Amino acid sequence: MNSMSELAIGLQWFFMLYFIGINCGYLMLNVLSLGSLKRYVESHSLDDLPRSVSGFEPPVSVLVPAYNEEATIGGSVRSMLQLNYPDYEVVVINDGSKDGTMDALRREFALVPFPEAYWQRLPAQPVRAIYRSTSHPSLRVIDKENGGKADALNAGINAARYPLFCGVDADSVLERDSLKRVVEPFLEDPRTIASGGTVRIANGCTVDNGFLTSVGLPRNPLALLQIVEYLRAFLFGRLGWSPLNAVLIISGAFGIFRKDVVVAAGGYRRDTVGEDMELVVRLHRLHRTRRIPYRIVFVPDPICWTEAPESLRVLKNQRVRWQRGLSESLTMNLGLLFHPRGGAAGWLAFPFMVVFEWLGPLIEVAGYVFMITAFIFGVVSTEAFITFMLVAFGFGLVLSVSSLLLEELSFHIYPKPHQIGVLLLMVIIENFGYRQINSLWRLWGLLLWMFRSKARWGDMKRTASWQSGGGAK
Amino acid sequence: MRFDQSLATVPDRVETLSWLPHDPLLALVFQFGLLIIACSMLMLVAVFVLRIRLVLRQRREKRFAAAWQPLLAECVYQVPETLPQVPRAMRYHFLKLWNYHHESLVGSARKNLEQLAYALKLEEISRDLLHQSDLRSKLIAIVTLGHLGDRTQWHELRALVADPSPMLSLAAVRALLDIDAGATLTWLVTVMASREDWPLARIVAMLKEAGPGRVTLPLIAATEAAAGVEGDARQVVRLLRMMEVAHTESIGAVVGRIVRAATDPEVVAAGLRLIQDPHDLELVRSHLAHESWFVRVSAVRVLGRIGEPADRVVLTNMLGDRHWWVRYHAARALIALPFTSLADLEIIRAGLPDRFAADMLGQAIAEARTA
């Protein structure tokens, strides 16, 4: 009995210290982000002056993989064709959609078959046909056999004409100067091989003619909670790592890469659902181990808006998929972990990801289950239980409020004061159930990965309610 | 009570707080949790305060813009006779507004804006802001001084060119070019070549604004000097890229010399891109078999621009190159040749034994038809 009690106390302290450790880690990232954000905002304070665009920016191929995106593809591609950037092309890759995606594209953009000498540099499923738009000369559509998102992106890279490519989700809505902002790190430092920007949630916003015309909050509570979550994930989850050159994730929703570097690395891996993260981690590993100077940069500007799941089922699927993607990305590149030449990516970011993001759900769920069960059965004292809950809630609160503070110090995306009030309310509410259920889903994703269950992409049903302007508060 | 006595009573007082855990370690963690929540509450208040400040600032800026926009618009025709004062708190905002208009307007409207600026003593405000510590103020001050052509801060701006921050140093470069491009370029071009942290796209844009008349000679001098130094290939490449905005007829001789002497493929490719003189065609053709694909691409592109009828055969052969981009640019060069019609190219395509070459030419013909 004595040893049982000692074990319980040991576990109690393990979970308590784990929660303190993980959150102190995030707080450190927060501090780093604060410095980066201040510098970024100051140094880009004159970006809206007319002379800030040189007209000599490198051309970019915007790659849009689409699978069953009939509802949103027209608006998304229209917005991508109106970007404020001197030279770019849009390549839509229809990945064997089963719905009317291809018909919608044909109808909206007057496509005609084009005899392209397709260059298969990266492995991808066979291409059925390549089309060119007669109404928009910079638009091409690749119609190919279904092979998954990574496969579609590889086909897009094969067809891309320009030295930089930008992978964009078909349901994304971009800011007009999104390309200009994300290309900037490539201009500023020739060592830059990849750059990503902040993704925000489009639910509740009004989109007109493919562009976001007003920022609103959704009525759906799940989407509201995800807004706070995205703020946290992007404003310090990624920005904090950027000055250390240790950004391990560039969102698949919007990220720019140097094409030659990605082709040399073998393109996107087709055997993972986390192809975006896997590529970035692999680029770190290859460049670090081969001693090739490089930079992978995160730009805090809100440049891309995406539709968030509004039902528990779809949200669960998304989170399970993300956790599996994370697991695959890390295990496929374990060579980076504590590699002598791993730098901040191998010695800080990678171990952080392993302990707090990858195995985190396991320890978090075990922590909650243990503390609650042990408390009910009297193994853990009321004092210890309350202290544990206080620490878990306190850190959850401080991290979310601090991300809102970062947002308020920088971009002020949500213009109306009552919107900030609603978000602050969400910051508190998310600690009572939402975060815990998220940990459960992520644990499920981890287990599915362990048992090698097959995963697919593109099973999210898009409502695109924001495209007609509905739902804004 | 003495301080040490007060300290001695702390544990007793803590014990009296019955709601704290009795285990001292647990109590410490508990208090840490409380501290974290207190920090959250403070941040929450900070978010509200920041939002209130933002709303007030936006209202103030809106009122200010409503008062000043018509006056700035009037400057298109004449400088308004009576001008309100610019409050100290609105100095940055006004400078930004003024610079926006200055960069959007040309000719006499721009001159009027400059008169207005002197009437409001913007040069004095800018000098003051230039010496402030925050980057935002410094940047707007530099840009304004450049637009005003203010020479009084020349030495400060010149010193800023050496600043390690690319943002600050490039703003100073632009301001110096705005003030006196001729005097600046003589020494600045070599700095532009060596500062690899300065984005080439921005530099080329600035040189383009300065105009080929001003940039050509300093570029030629700097390129010849850099080409004469061993191991400066990267600088030579940067300078050759900058030469794209120079007078093409003036740079031909130096570019030809550099391409002939160069062993670095990057230098050769950058040099070939600049060749415009048909007298250099032999030099261009001699690089069609170069081992680096991007040199071959540069060579076929030049042939598309200045090639002779005989080059049709050369380019047709290049359609069979092992690299996709060489084949693609060879096909486009064939299309660009002035003495070759699309019908001629269809005939050539039909006779090509290499399927890859035929496909590539087919693509280029289709592109030309849909262009």
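Residues numbered from 1 in each chain as written. Chains lettered and ligands numbered in written order. Predicted model: local features only at pLDDT ≥ 70, side-chain atom pairs only at ≥ 80, totals over all residues.

### A short note on the overall build of chain A
Link 1 in the chain: What chain A contains, in helices and strands, is 14 helices and 12 strands.
Link 2 in the chain: Since a compact globule built from 473 residues should have a radius of gyration of about 23 Å, the 23 Å found for chain A is in line with a globular shape.
Link 3 in the chain: The principal-axis extent of the C-alpha atoms belonging to chain A is close to 80 × 50 × 45 Å.
Link 4 in the chain: The burial tally for chain A puts 53% of its 473 residues in the buried class.
Link 5 in the chain: Taking the intrachain contacts of chain A between residues at least 6 apart in sequence as the baseline, contacts between residues at least 24 apart amount to 81%. (Helix = DSSP H or I, 4+ residues; strand = E, 2+ residues; numbered from the N terminus. Rg over C-alpha atoms; globule rule 2.2 N^0.38 Å. Buried ≥ 20, exposed ≤ 12 C-beta atoms within 10 Å, placed from the backbone. Contact = placed C-beta atoms within 7 Å.)

### Section: the nonpolar core
Residues and elements named next belong to chain A.
Link 1 in the chain: Ranked by size, the top nonpolar core spans 133 residues in total, and within it V60, V62, L63, V64, V91, L248 and V280 carry the most contacts.
Link 2 in the chain: No other element matches helix α12 (residues 382-410), which puts 12 residues into this core.
Link 3 in the chain: L63 has contacts with V91, I93, L153, G156, I157, A160, F165, C166, G167 and V168, leaving out every residue within four places of it along the chain. (Core = buried A, V, L, I, M, F, W, Y, C linked by C-beta atoms within 7 Å.)

### Structural notes on the interface of chain B and chain A
Link 1 in the chain: With 45 residues of chain B at the interface, the matching set in chain A holds 43 residues.
Link 2 in the chain: Those elements that place two or more of their residues in the side of chain B that touches chain A are α3 (24-74), α4 (91-104), α7 (135-148), α9 (166-194), α10 (200-210) and α20 (355-370) of chain B.
Link 3 in the chain: Ranked by residues supplied to the side of chain B that touches chain A, first place goes to α3 of chain B with 16 residues.
Link 4 in the chain: Of the residues contributing to the side of chain B that touches chain A, the split by class is 29 nonpolar, 8 polar and 8 charged. (Nonpolar A, V, L, I, M, F, W, Y, C, P; charged D, E, K, R; others polar.)

### What to know about the sheet that holds strand β1 (residues 60-66) of chain A
Residue and element names in this part refer to chain A.
Link 1 in the chain: Taken in spatial order, the 10 strands line up as β3-β4-β5-β2-β1-β6-β11-β8-β12-β7 in an open sheet, and their pairing is mixed. Strands with a single pairing partner mark the edges of an open sheet, and in this sheet they are β3 (111-113) and β7 (173-174).
Link 2 in the chain: With 6 bridges connecting them, strand β2 (residues 88-95) and strand β5 (residues 139-144) associate as parallel partners. Its bridge partner being in β5, V92 is matched across the sheet by V141.
Link 3 in the chain: Contacts from helix α3 (residues 101-109) reach β1, β2, β3, β4 (127-133) and β5 within the one sheet, and its direction differs from that of β2 by about 150°. (Pairing = 2+ DSSP bridges. Axes fitted to C-alpha atoms, helices over the stretch in contact; angles between N-to-C directions.)

### Some thoughts on helix α18 (residues 324-336) of chain B
Link 1 in the chain: With 13 residues, α18 of chain B should cover 18 Å at 1.5 Å per step; its first-to-last C-alpha distance of 18 Å lies within 8% of that length.
Link 2 in the chain: When we look at burial in α18 of chain B, the residues that qualify are V326, R327, Y328, H329, A330, A331, A333 and L334 of chain B. (Expected span 1.5 Å × (residues − 1).)

### Regarding the packing of α7 of chain B against α9 of chain B
All names here are of chain B.
Link 1 in the chain: For the pair α7 and α9, the least separation of the axes is 7 Å and the interaxial angle reads 15°. Between α7 and α9, the interaxial angle falls into the category roughly parallel. Here α7 runs over α9; the crossing is left-handed. Of the residues in α9, those touching α7 at L135, K138, L139, I142, V143, L145, G146 and H147 are M167, L168, A171, A172, R174, A175, D178 and I179.
Link 2 in the chain: Tallied by class, the residues present in the contact of α7 with α9 amount to 11 nonpolar, 2 polar and 3 charged. (Parallel < 35°, antiparallel > 145°, perpendicular 65-115°, else oblique. Left-handed = near helix turned anticlockwise from the far one by under 90°.)

### Notes on the confidence of the model for chain B
Residues and elements named next belong to chain B.
Link 1 in the chain: Summing up the model confidence of chain B, the mean pLDDT is 89 and the portion of residues at 70 or higher is 94%.
Link 2 in the chain: Contacts from residues 1-11, a stretch scored under 50 in pLDDT, to residues over four places away or in other chains number 1 contact.
Link 3 in the chain: This complex was scored by the predictor with a pTM of 0.86 and an ipTM of 0.80. (pLDDT = per-residue confidence, 0-100.)

### Let's talk about unusual backbone geometry
Residue and element names in this part refer to chain A.
Link 1 in the chain: Although it is not a glycine, A110 sits at a positive phi angle of roughly 45°.
Link 2 in the chain: The residue A110 is located in the loop between α3 and β3 in this model.
Link 3 in the chain: In this model, N245 sits at a positive phi of 55°, which is unusual for a non-glycine residue.
Link 4 in the chain: Position of N245 among the secondary structure elements: in the loop between α6 (221-235) and β11 (254-258).
Link 5 in the chain: Residue N245 is classed as partly exposed on the basis of its 19 C-beta neighbours within 10 Å.

### Some thoughts on helix α13 (residues 248-261) of chain B
Residue and element names in this part refer to chain B.
Link 1 in the chain: Compared with an ideal rise of 1.5 Å per residue, which puts 14 residues at 20 Å, α13 spans 20 Å between its outermost C-alpha atoms and is within 8% of the ideal.
Link 2 in the chain: Along α13, the sharpest change in direction is near 30° and occurs at V254.
Link 3 in the chain: By the burial criterion, the buried members of α13 are I251, V254, V255, I258 and V259.
Link 4 in the chain: Those residues of α13 hidden inside the fold are in contact with α11 (212-227), α12 (233-242), α14 (265-272) and α15 (281-285). (Bend = angle between axes of the 7 residues up to and from the residue.)

### As for the pairing of strand β8 (residues 192-201) of chain A
Residue and element names in this part refer to chain A.
Link 1 in the chain: Across the 10 residues that make up β8, a large majority, 10, are buried.
Link 2 in the chain: Two strands pair when backbone bridges link them, and β8 and strand β12 (residues 295-306) are joined in this way by 9 bridges, in the parallel orientation. Pairing of T192 across the sheet is with R295, part of β12.
Link 3 in the chain: Here β8 runs beside β11; their pairing, made up of 3 bridges, is antiparallel. From the neighbouring strand, S195 faces β11, where its bridge partner is I256.

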